[in-house]
Amino acid sequence: MAFYDEQNRFQNEPPRETVYHTGNGFYNPYVEPLWKKERRKIRGSGNGIGLASIGYIALALLLGTVYSIIIAFIFPASSIHGEIYVTETVEWLFNLFSYIFTLLIPFLIYALCIKIPAKVAFPFRRAKFDLTLGGIFISLGVGVIASYATSGLQIVLEFFGIGITMPEYEIPETLPAFIIYCLSLTVLPAFIEEIIFRGIVMQSLRRFGDIFALVASSLIFGIFHLNLIQMPYAFILGLCIGYFVMRTGSLWVAVIIHLVNNSVAVVFEVLSPQMSDEVWYISNLGYNLVCIILSVIAFIAILMKYKDMFRFEPSRTILSPGKKALYFITSPAMIIAVIIAFLMTLPYVYIM
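Everything in this summary refers to the structure shown in the same document. (Residues numbered from 1 in each chain as written. Predicted model: local features only at pLDDT ≥ 70, side-chain atom pairs only at ≥ 80, totals over all residues. Heavy atoms only, no water.)

Some words on the overall build of the protein
Helix and strand counts for the protein stand at 13 helices and 6 strands. Split into buried and exposed, the 352 residues of the protein put 41% on the buried side. Within the protein, contacts between residues separated by at least 24 positions form 81% of all contacts whose residues are at least 6 apart in sequence. Accessible area of the protein: about 19,400 Å², with a carbon and sulfur share of 70%. (Helix = DSSP H or I, 4+ residues; strand = E, 2+ residues; numbered from the N terminus. Buried < 20%, exposed > 50% of the residue type's maximum accessible area, 1.4 Å probe, protein only. Contact = heavy atoms within 4.5 Å. Areas by Shrake-Rupley, 256 points an atom, 1.4 Å probe, with all protein chains shown as cover.)

Pasting the structure below:
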């Protein structure tokens, strides 16, 4: 219950002042119904997170332009027929710093605006080892299920003559660039994205109910991967990661799970050019099978030890889950952010 006490302290508003009327004494001229107050707060959160998401996209576009100008000014010979050519190390260093800057700044501003305490937004506390290990194994199995969900989406879209793809990066050939490349795809997302989506976003929404916060933060996490291949995978995996953060009360679990999943993906990406199609298929199938087996074993072991493992804290809200979702998604800034995110996915959609 301590978490909810902290949540209440940071989000409660001071009471409206009473007024004096001759013959009636002191009274509050207007007492806002609880459902209206809750709706207003949910829409406020939707607008705040929506604005932060818009800020993330805007900063990414702005930094790309600034990068081109700076490179052209410092290295005039790097521009050939309007294209910028720099070393792999410079390119990946820029990608690394722009990734940190564009994601962190808008959402840290949002956190400051809502005055959420750091210990609520960033619960980096020690987690139980068995839950952390179990969360890793279960997330690996969930990741396999999510990958099949993505494949299913691709099959459905292909039936209608629509193909989807995702951003592809060339594996750097120089050692410094390769190290930065690995950090940018493994360690950095594990920290930055978990601080934002399972930290600031999810924790700030928990005052409206844990299930709502879990689904809403996972949905935003999926949408703002900005391509249809990663969206369902990120959403499903986000549900798993977010749940273990709630269950353990620690962001460290999220960071470790995210790091393990991304590291496995990078290993497959680096090794796949060295494999034949048959070897890659067998390796991938074997990996998926091992992950499913480990996740089932971990699931059973955790469930036997923690009988209430999958029980959520009851919601202390007035509105139904459907209305909370409706008010959150239909807040003006969130609508604009989702539309922009949809437009950003179009370059990775093509007609077959």
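Resuming the write-up.
What to know about helix H3 (residues 88–114)
Look at H3: 40 Å from first C-alpha to last across 27 residues, which is about the 39 Å you get at 1.5 Å a residue. Of all bends in H3, the biggest is about 25°, found at Leu104, and the proline Pro106 comes one to four residues later. Trp92, Leu96, Ser98, Tyr99, Thr102, Leu103, Leu104, Pro106, Phe107, Tyr110 and Ala111 are the residues of H3 that are buried. Remark: Lys115 follows H3 within two positions and exhibits a positive phi of approximately 60°. (Expected span 1.5 Å × (residues − 1). Bend = angle between axes of the 7 residues up to and from the residue.)

A short note on the side chain of Thr150
With respect to the element layout, Thr150 can be found in helix H5 (residues 129–159). Ignoring sequence-local partners within four residues, the contact set of Thr150 consists of Ile229, Pro232 and Tyr233.

Observations regarding a nonpolar patch on the surface
A cluster of nonpolar side chains, namely Phe124, Leu175, Ile179, Leu183, Val187, Phe191, Trp252, Ile256 and Leu259, defines an oily patch on the protein surface of about 720 Å² accessible area. When contributions to the nonpolar patch are tallied by element, the ones reaching two or more residues are helix H6 (175–185), helix H7 (187–205) and helix H10 (251–271). A relative accessible area of 31% means that Phe191 is categorised as partly exposed. (Patch = residues over 30% accessible without salt bridge, like charges linked within 9 Å, V, L, I, M, F, W, Y side chains within 5 Å. Salt bridge = Lys/Arg side-chain N within 4 Å of Asp/Glu carboxyl O.)

Comments concerning the pattern of salt bridges
The final tally for this structure, using the stated rule, is 5 salt bridges. Its salt-bridge partner being Glu194, residue Arg198 comes within 2.8 Å of it at the nearest N-O pair. Remark: Glu194 and Arg198 occur in helix H7; sequence separation between them is 4 residues, near one turn of the helix. Across the pair, Glu194 and Arg198 agree in class, each one buried. Here Asp308 ties to Arg311 by a salt bridge, and the two come within 3.6 Å at their closest N and O atoms. Salt bridges sharing common partners tie together Arg247, Asp308 and Arg311.

A closer look at the packing of aromatic side chains
Evaluated as defined, the whole model comprises 15 aromatic pairs. Ring geometry for Phe178 and Tyr181: centres 6.1 Å apart, planes at 25°, overall stacked. In this pair, Phe178 and Tyr181 are both assigned in helix H6, 3 residues apart and thus about one turn of the helix distant. A relative accessible area of 24% means that Phe178 is categorised as partly exposed. (Phe/Tyr/Trp six-rings, centres within 6.5 Å; stacked < 30°, edge-to-face > 60°.)

Looking at the side chain of Ser53
Position of Ser53 among the secondary structure elements: in helix H2 (residues 34–74). On the basis of relative accessibility, which here comes to 1%, the residue Ser53 falls in the buried class. Filtering out sequence-adjacent residues up to four positions away, Ser53 remains in contact with Phe107, Phe224 and Ala337.

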